[in-house]
Amino acid sequence: MAQKTLVEEQVLIQPPQAKDRILDEATKRGLERAEEVGATNVWERFETMQPQCGFGKLGLCCKNCNLGPCRIDPFGIGAQRGVCGATADTIVARNLARRTTVGAACHSDHGRHMVHTMLMMAEGEARDYYVGDPKKLRRVAAEYGIEADGRDDRAIAKELAEAMLAEFGQQRGEITFVKRAPEGQQKTWRKLGISPRGIDLELVEILHRTHIGVDNEYHSLLNSAMRAALSDGWGGSMIATDVSDILFGTPDPVRAVINLGVLREEQVNVVVHGHVPLLSEMILAAAQSSDMIVLAKEKGATGINVVGMCCTANELLMRRGVPVAGSFIQQELAIATGAVDAMVVDVQCIMPSLPVVAECFHTKVISTDPRGHFEGVEHIELDESRALEIAKEIIRLGIEAYGERNPDRVRIPDERMDLIAGFTTENVFHHLGGRFRGSYRPLNDGIIAGRIRGVAGVVGCDNPKNMSGSAHVEMVKELIKHDVLVLQTGCSAMACARAGLMRPEAALEYAGQGLQEICETVGLPPVLHVGSCVDNSRILTAATEMVREGGVGNDISELPAAGAAPEWMSEKAIAIGTYFVASGVFTVFGTPLSVLGSPPVTRYLTDELEGIVGGKWAFESDPIKAAHLMIDHINQKREALHLRPMMYTLKGTGSEE
Ligand code: BF8
């Protein structure tokens, strides 16, 4: 039988039963329990939604104006233009540009919120916050040209916050962190006219361009989308990461535990879920205060157990070693354990179904961000001027709910896994060199000598469409087996942590001999957790440090490196993929972007872009094949750099591959 084209696969092939592809035991147990109690869940809804809209998958549906909705026939038989006259190329490019913009806006608004709080702290209005890393404050301030000598932290923080806030509305020039990128990337962006000028400006401009009858040319639309994404990667996200480090401390490697089994039967369980660490840090502090602990004990609990969900989990994990209850796909299952007393949510990736699942139990869902509301959910808004007080109010609700918990309905899966997290651009490769060789030299030397083949960033969401976390695990195992050191963020990091890949022992169990030797020498896992999704900015700066150290490429596109999001689902992942590609990284997504309806757009993204920005996209749903696309790319880069052949052959095969 003739092989199906990617378009036919998207439109005609039904995905296999979503539930059958769950790898993680706790997730399986959790889902069984959700089904037992009749709680709605993402797998059931995914099945109900089949078949999903083929026009949507291919990017061929347009509802930007009221001449439509229009859709273009992908097989060339029906309509080939929308009512306004837009072609498939225009429609597909406009849709992708808008989705990129939404993702970039989420990260950037998160960054703005962090900066705004830093300003309030500096002006004495947000008294529960303080400068957690004065050295980083001074380093970042220097990049903004702010004088630090002889000034106190708050004065510097105020000036830095004002300078950063101004970059959101900046109309001319370039945002400051563009200067962090290697020269090669900076030149490419300027030549192509995509160096980001101001964060909000780039996002608003895409909304303008994608209105009916403005930008109708797909190259122009896609290049503008790259500019918007760069304003996220080297702007909003990078600001979010750095200000989080300044306020709450730059992470250091920390041991922790992950999976639904971190919930505690005998304690008040408070799950902090979402993205912005401003309230969750306060909740953690409140839960550790003696008045709250006394209150919890009065209700019969032995204590208060704060655990994380989604990227809020990554933020608290990285800096405080707080246990991680779960990733995106596990959020409903946490409630279905019957052991969650309060689930505190802010923004992004919070399933609208949570209150419905919570109705089956005693769980109190509490929304806290002015941007994020739910039907029937109590809203207690974070007011930064009395953050700790609000955090205590929320903890009190959790303690009250604990009093209503029915112990007979509690089923906590007994699965939990150790991990090490807390790696950053500042510390990650210093560990490879040991305490006295704080530079990227050992990493670059390891690559040059053929012990480490290269570096991969594997990031993004988990998704029932692509195997509910197992695609991450399969891909990452294949990469480390081939001596590729893996950096991870987001829910991808959680999937691999659950599978034990973030323990130092994982090097012995799964890594190729070269990577294993290096990991064993310095006691590192072969898979490094570098944080939340805004912390993908750490991967950009780590790549830049590798370039700066020398010997492995003159810019990011020359590095033996690749990126992937095997199970992406969020528009933020599109923005991340776009700024990776625009920064010179070959990037593989597990399901195609919704662009296959336009062969020219697809060709531009997956082929021609490489000659323009140095990076390009690939789409591959099989995680092993996807890993080999990355390995092949890394090998090509090694050859171009005339690096030595890999030092060891692959165990048991007698060949390098
Ligand atoms: O920002 S990886 S599901 S939680 S979008 Fe969301 Fe995706 Fe998880 Fe974090 Ni990122």
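Residues numbered from 1 in each chain as written. Predicted model: local features only at pLDDT ≥ 70, side-chain atom pairs only at ≥ 80, totals over all residues. Heavy atoms only, no water.

1. Here's the deal with unusual backbone geometry
- Cis peptide bonds are those with omega within 30 degrees of zero, and the linkage from glutamine 50 to proline 51 qualifies with -5 degrees.
- One can find proline 51 in the loop between α3 (42-48) and α4 (54-58).
- Following glycine 68, the chain continues to proline 69 via a peptide bond in cis, the omega torsion being 5 degrees.
- Along the chain, the position of proline 69 falls in the loop between β1 (61-62) and β2 (70-71).
- The phi torsion at cysteine 349 lies on the positive side, around 65 degrees, for a residue other than glycine.
- Along the chain, cysteine 349 turns up in the loop between β7 (342-345) and α15 (354-358).
- A relative accessible area of 22% places cysteine 349 in the partly exposed class. (Helix = DSSP H or I, 4+ residues; strand = E, 2+ residues; numbered from the N terminus. Buried < 20%, exposed > 50% of the residue type's maximum accessible area, 1.4 Å probe, protein only.)

2. Regarding the coordination of the nickel atom of the ligand
- Only one protein atom coordinates the nickel atom of the ligand: Cys533 (SG), located 2.3 Å from the metal.
- One can describe the donor arrangement at the nickel atom of the ligand as irregular, given that its 4 donor atoms subtend angles of 91 to 157 degrees at the metal. (Donors = N, O, S within 2.8 Å, 3.2 Å for Na, K, Ca; no water. Tetrahedral: all angles 85-135°; square planar, octahedral: opposite > 155°, others 65-115°.)

3. Overview of helix α19 (residues 470-481)
- The terminal C-alpha atoms of α19 lie 16 Å apart, and with 12 residues this matches the ideal 16 Å at 1.5 Å per residue to within 8%.
- When you tally the buried positions in α19, you get 9 out of 12 residues, the bulk of the element.
- Burial in α19 covers these residues: Ser470, Ala471, His472, Val473, Met475, Val476, Glu478, Leu479 and Ile480.
- Just downstream of α19, aspartate 483 is the residue with a positive phi angle, here 65 degrees. (Expected span 1.5 Å × (residues − 1).)

4. Topic: the site of the ligand
- Inspection of the region around the ligand gives His275, Cys310, Cys311, Phe328, Cys349, Gly460, Cys461, Cys491, Cys533, Met569, Ser570 and Lys572 as its neighbouring residues.
- In this structure, an oxygen atom belonging to the ligand sits 2.7 Å away from a side-chain N or O atom of histidine 275.
- Between an oxygen atom of the ligand and a side-chain N or O atom of lysine 572, the distance comes to 2.9 Å.
- Taken together, the residues of the shell around the ligand break down into 8 nonpolar, 3 polar and 1 charged.
- Counting only domains with at least three residues in the shell around the ligand, you end up with domain 3 (260-409) and domain 4 (421-640). (Near = heavy atom within 4 Å. Polar contact = N/O pair within 3.5 Å; in protein donor to acceptor, adjacent residues only side chain to side chain. Nonpolar A, V, L, I, M, F, W, Y, C, P; charged D, E, K, R; others polar. Domains from an automatic or database assignment.)

5. Concerning the nonpolar core
- Formed by 175 residues in total, the largest nonpolar core has its most connected members in Met118, Met164, Ile283, Ile304, Leu479 and Leu593.
- In this structure, methionine 164 is in contact with Val115, Met118, Val140, Tyr144, Phe177, Ile239 and Val243, ignoring residues within four places of it in sequence. (Core = buried A, V, L, I, M, F, W, Y, C linked by side-chain atoms within 4.5 Å. Contact = heavy atoms within 4.5 Å.)

6. Focus on the domain arrangement of the protein
- Under the domain assignment used here, the protein contains domain 1 (54-80), domain 2 (88-248), domain 3 (260-409) and domain 4 (421-640).
- The interface of domain 3 with domain 4 comprises 17 residues on the first partner and 21 residues on the second.
- Buried surface at the junction of domain 3 and domain 4, summed over both partners, amounts to about 1,400 Å²; 68% is from carbon and sulfur atoms.
- For domain 3, the biggest contributors to the area lost against domain 4 are Asn314, Met318 and Ile329; these three give 41% of the whole.
- There are 0 salt bridges connecting domain 3 and domain 4. (Buried area = accessible area lost by both parts, 1.4 Å probe. Salt bridge = Lys/Arg side-chain N within 4 Å of Asp/Glu carboxyl O.)

7. Brief notes about the pairing of strand β8 (residues 364-367)
- The pairing of β7 with β8 spans 4 bridges and is parallel. Note on β8: the bridge partner recorded for valine 345 is serine 367. (Pairing = 2+ DSSP bridges.)

8. Regarding the pairing of strand β12 (residues 484-488)
- Among the 5 residues in β12, 5 count as buried, and that is most of the element.
- Two elements, strand β11 (residues 454-458) and β12, share 5 bridges in a ladder whose sense is parallel. Bridge assignment links glycine 454 to a residue of β12, and that residue is valine 484.
- In this region the chain leaves β11, passes through α19 and returns to the parallel neighbour β12; the handedness of that crossover is right-handed.
- In this sheet, strand β13 (residues 527-529) lies alongside β12 in parallel orientation, the contact comprising 3 bridges. What sits directly across from valine 486, in β13, is valine 527. (Right-handed = clockwise from strand over helix to strand, strands pointing away.)

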